[in-house]
Amino acid sequence: MLDRSKLLLVEQQIQKLRDDIHHHNYLYYALDTPQIPDVEYDRLLCALQTLEKEHPELVTADSPTQRVGSQPLDVFSQVTHIVPMLSLDNAFNDNELYEFNRRIIDRLHIEDQQIEYACEPKLDGIAISLLYRGGILVQGATRGDGTTGEDITQNVRTIPSVPLRLQGDSYPLILEVRGEIYMPKAGFQQLNETARNNNEKLFVNPRNAAAGSLRQLDSRITAQRPLEMCAYSVGQVEGGELPDSHIDILYALSGWGFRINKEIAKVIGIHSCCDYFKKLSEKRDALAYDIDGIVFKVNSLHLQQTLGFISRAPRWAIAMKFPAQEEITQLQDVEFQVGRTGVITPVARLQPVFVGGVTVSNATLHNRDEIERLGVMVGDTVIIRRAGDVIPQIVSVVEAKRPDNATPIEFPQQCPVCASPVVHIEGETAIRCSGGLVCVAQVKEAIKHYVSRKAMDVDGLGEKLVEQLVDSGCIQSVADLYDLKQEQLIVMERMGEKSAANLLRALERSKTTTLARFIYALGIREVGEATARSLVQHLGNLEALMQADNETLQSINDVGPVVTKFIIEFFSQESNQGMIQRLRDQGVNWPDVEVQKADLPLAGVSYVLTGSLDALNRDQAKQYLQALGATVTASVSKKTSCLVAGPKAGSKLVKAEQLGIDIINEEQLVELLGTHGVNI
Ligand code: 5U1
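Worth saying up front: this structure is predicted, and the values here are computed from it rather than measured.

Chemist: Account for the packing of aromatic side chains, naming residues and giving values.
Modeler: Under the counting rule described, the total for this entry stands at 10 aromatic pairs. Seen from their ring centres, tyrosine 276 and phenylalanine 296 are 6.3 Å apart, and the 75° between their planes marks the pair as edge-to-face. Of this pair, tyrosine 276 sits in helix H9 (residues 270-283) while phenylalanine 296 is found in strand E10 (residues 291-298), placing the two residues 20 residues apart along the sequence. Like tyrosine 276, the residue phenylalanine 296 is buried in the burial classification. Across from the ring centre of phenylalanine 411, 4.4 Å away, lies the NZ or CZ of arginine 368, which sits over that ring.

Quick look at the structure:
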């Protein structure tokens with residue numbers, strides 16, 4: 001038993017750690033200006049977890065440790081919104097925006113130039129209401145029908161940019177903050193990359209992924225999804241004053257710990273709103289998140305009150321939507337394209353149609369399954385969708401408009417580029433060209449990938465130029481790039497002396513890179529940027545990667561059996577070893593990387609999981625153990641430190657017993673994770 005003064009000291013330590021962590025969360029998530037490195041932050045969190053583990057009676061719901069999720073619910077309960085959550089009227093063109101402004105002018109009897117508008121991107125996510133009492137988050141709810149939503153408090157708690165406790169002390173006693181929960185594009189891509197590696201179903205777009213993540217009854221799943229929250233208004237407010245303009249309210253919310261959109265702006269008059277819309281439209285694809293329009297709000301709260309509401313939407317706000325992203329057109333033909341890894345993709349050639357601000361004449365049809373799912377034939381009338389900067393997709397077929405001469409889509413038996421036989425690999429939906437580097441299409445795609453921005457980033461070497469260089473026989477592999485001469489380049493189309501010299505300089509510059517970029521640039525199947533980074537973090541150098549065995553690779557975060565197989569296959573091919581050697585001889589280099597692991601609590605400990613687990617699935621158990629620094633491998637060997645055996649464990653259990661390896665059950669695993677602050 002600790003005496004009172006010692007307990008008081010622990011309480012003070014816990015309080016100080018929580019204050020510090022809340023403050024750094026605020027700097028990181030709300031202001032995007034972290035002031036300490038990640039390891040320092042992890043240290044603070046770890047210290048707090050340790051103290052809370054020793055003193056569970058001191059754990060509170062607003063503690064920053066409480067973001068890992070909790071026991072699954074049976075159902076979500078209902079929540080009534082005291083102040084209804086409104087929707088927004090839409091404008092689809094400048095005229096509709098001017099009409100909105102005209103209605104405001106007529107009601108308020110003022111000049112256009114007297115109206116100040118707040119402009120902000122409309123995030124494509126899920127609307128949320130967060131209720132704070134005394135600065136503590138007590139409820140998170142969906143919009144539902146605007147009056148009644150679902151209580152998803154457990155889920156919103158897991159989102160790092162949702163403050164569990166407000167900053168400062170000037171906030172109202174009761175404050176309901178409204179905003180959008182969304183999944184940034186990069187997080188979405190990473191989530192789907194992992195799902196693809198695990199042969200799981202992919203999410204269609206970031207919005208669906210965010211919605212699916214929030215709808216989880218098990219908040220531990222939500223905790224693993226890369227969600228963010230951005231505040232855009234308030235609902236119920238009691239016991240405190242707010243500023244008298246929308247923009248100033250947003251700044252107040254930012255001061256209390258919320259992320260607000262960086263693009264918000266205050267403008268005068270509706271023409272400036274149009275200018276803002278054009279500017280943001282150009283920036284849209286470069287934003288880290290999807291937006292589907294721009295919201296314009298009368299900035300003065302006093303004027304907002306005078307204008308009031310009509311039905312469920314305020315008269316003082318409008319969402320100007322980006323041009324329609326779906327259109328109707330005709331499928332004229334289907335051609336087959338060969339990708340970097342030999343996958344043959346059917347590409348729809350369409351009657352050109354204007355959609356989402358551009359003319360579209362091609363759309364991907366993905367694979368045979370997709371064609372069957374759509375039931376599409378050449379000659380059909382189809383609906384296409386263009387979302388952000390992704391390749392347009394065929395969404396559905398208008399069967400009523402199918403012409404009599406519509407023809408089924410036939411898949412080729414031979415590669416359309418090199419005529420090698422097409423193979424259909426068991427378990428894969430795709431068909432592949434078996435030509436490998438004999439196939440010019442695969443060579444071209446491999447080179448395009450190698451020079452691309454996220455790989456070796458060779459400025460000035462676009463797709464067309466790569467094709468010309470390959471077609472003219474100047475290059476046959478990536479290693480030939482660094483042997484290119486000025487005289488070979490200047491004879492290419494649209495290539496003068498100056499651009500040739502620039503390109504040679506860019507190639508030279510690209511030789512100094514990072515190991516992660518180089519690994520990504522090699523184009524190993526299923527090795528995306530994130531996987532390449534993971535490989536580097538765990539292995540440190542290229543030699544270790546080239547020699548890594550099945551067990552080593554599978555113990556790495558993000559690396560499952562499929563990608564392991566591709567990595568081993570890639571490095572076992574002599575042609576690839578030769579190509580890497582040639583690149584290094586030509587001067588491709590990178591700085592050494594320090595393997596990061598040593599200060600994690602389970603660093604150096606190797607686990608194997610077997611049998612069925614109950615409280616958490618195998619993937620979750622693997623992720624938790626890896627996050628604590630342990631390696632998790634698929635098979636038991638002398639190097640294994642511990643076997644986690646659930647019911648129905650078989651040969652791995654027998655082998656672990658024979659080798660005298662520690663064996664624990666799931667309950668003991670949960671307890672072990674708990675001692676390191678992972679509460680299941
Ligand atoms: N950016 C932004 N999105 N959004 C959605 N502001 C905004 N305001 C909304 C909605 C539904 O409603 C207002 C009426 C508060």
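Chemist: With reference to specific residues and values, describe the pairing of strand E14 (residues 326-338).
Modeler: In terms of strand pairing, E14 meets strand E17 (residues 381-385) through five bridges, oriented antiparallel. Considered in E17, the bridge of threonine 329 is made with valine 382. Bridge count between E14 and strand E15 (residues 343-355): seven bridges; the pairing is antiparallel. Residue pairing across strands places glutamate 335 opposite valine 347, the latter belonging to E15. Count of turn residues in the E14/E15 antiparallel hairpin: four residues, of which glycine 342 carries a positive phi of about 90°.

Chemist: So what's going on with the packing of helix H12 (residues 440-451) against helix H13 (residues 463-471)? Which residues, and what values?
Modeler: Between H12 and H13, whose axes approach to 10 Å, the crossing angle comes to 135°. With respect to H13, the axis of H12 lies oblique. Helix-helix and strand crossings are classified by hand; for H12 and H13 the assignment is right-handed. In contact with Val440, Lys444, Ile447 and Lys448 of H12, H13 contributes Glu463, Val466, Glu467, Val470 and Asp471. Grouping the amino acids of the contact of H12 with H13 by side-chain chemistry returns four nonpolar, no polar and five charged.

Chemist: Can you tell me about the sheet that holds strand E24 (residues 662-664), naming the residues and giving the values?
Modeler: Taken in spatial order, the four strands line up as E22-E21-E23-E24 in an open sheet, and their pairing is parallel. Where the open sheet ends on each side, the last strands, each with one partner, are strand E22 (631-633) and E24. If you compare each strand with its neighbour and ignore which way they point, the axes differ by 30° on average. Across three bridges, the pairing between strand E23 (residues 642-645) and E24 is parallel.

Chemist: Could you give me a rundown of the confidence of the model for the chain, with the residues and numbers involved?
Modeler: Mean pLDDT over the chain works out to 91, with 97% of the residues at or above the 70 mark. Element-level pLDDT for the chain is lowest in helix H22 (residues 618-627), with a mean of 77, against a maximum mean of 98 in strand E7 (residues 174-182).

Chemist: Which residues make up the sheet that holds E7, and what are the values?
Modeler: Pairing within the open sheet is antiparallel, and its four strands lie in the order E5-E4-E7-E8. Of all the strands in the sheet, just strand E5 (136-142) and strand E8 (228-238) have a single pairing partner and so form its edges. Averaged over neighbouring strand pairs, the angle between their axes works out to 25° when direction is ignored. For strand E4 (residues 126-133) and E5, the ladder comprises six bridges, and the chain directions are antiparallel. Its bridge partner lying in E5, isoleucine 128 is registered against threonine 142. Of the strands in this sheet, E4 and E7 are in contact with helix H6 (residues 206-214), which crosses E4 at around 40°. Together, E7 and E8 form the strand contacts of helix H8 (residues 246-255), whose direction differs from that of E8 by roughly 110°.

What counts and what doesn't
Residues numbered from 1 in each chain as written. Predicted model: local features only at pLDDT ≥ 70, side-chain atom pairs only at ≥ 80, totals over all residues. Heavy atoms only, no water. Phe/Tyr/Trp six-rings, centres within 6.5 Å; stacked < 30°, edge-to-face > 60°. Helix = DSSP H or I, 4+ residues; strand = E, 2+ residues; numbered from the N terminus. Buried < 20%, exposed > 50% of the residue type's maximum accessible area, 1.4 Å probe, protein only. Lys NZ or Arg CZ within 6 Å of the ring centre and 35° of its normal. Pairing = 2+ DSSP bridges. Axes fitted to C-alpha atoms, helices over the stretch in contact; angles between N-to-C directions. Parallel < 35°, antiparallel > 145°, perpendicular 65-115°, else oblique. Left-handed = near helix turned anticlockwise from the far one by under 90°. Contact = heavy atoms within 4.5 Å. Nonpolar A, V, L, I, M, F, W, Y, C, P; charged D, E, K, R; others polar. pLDDT = per-residue confidence, 0-100.

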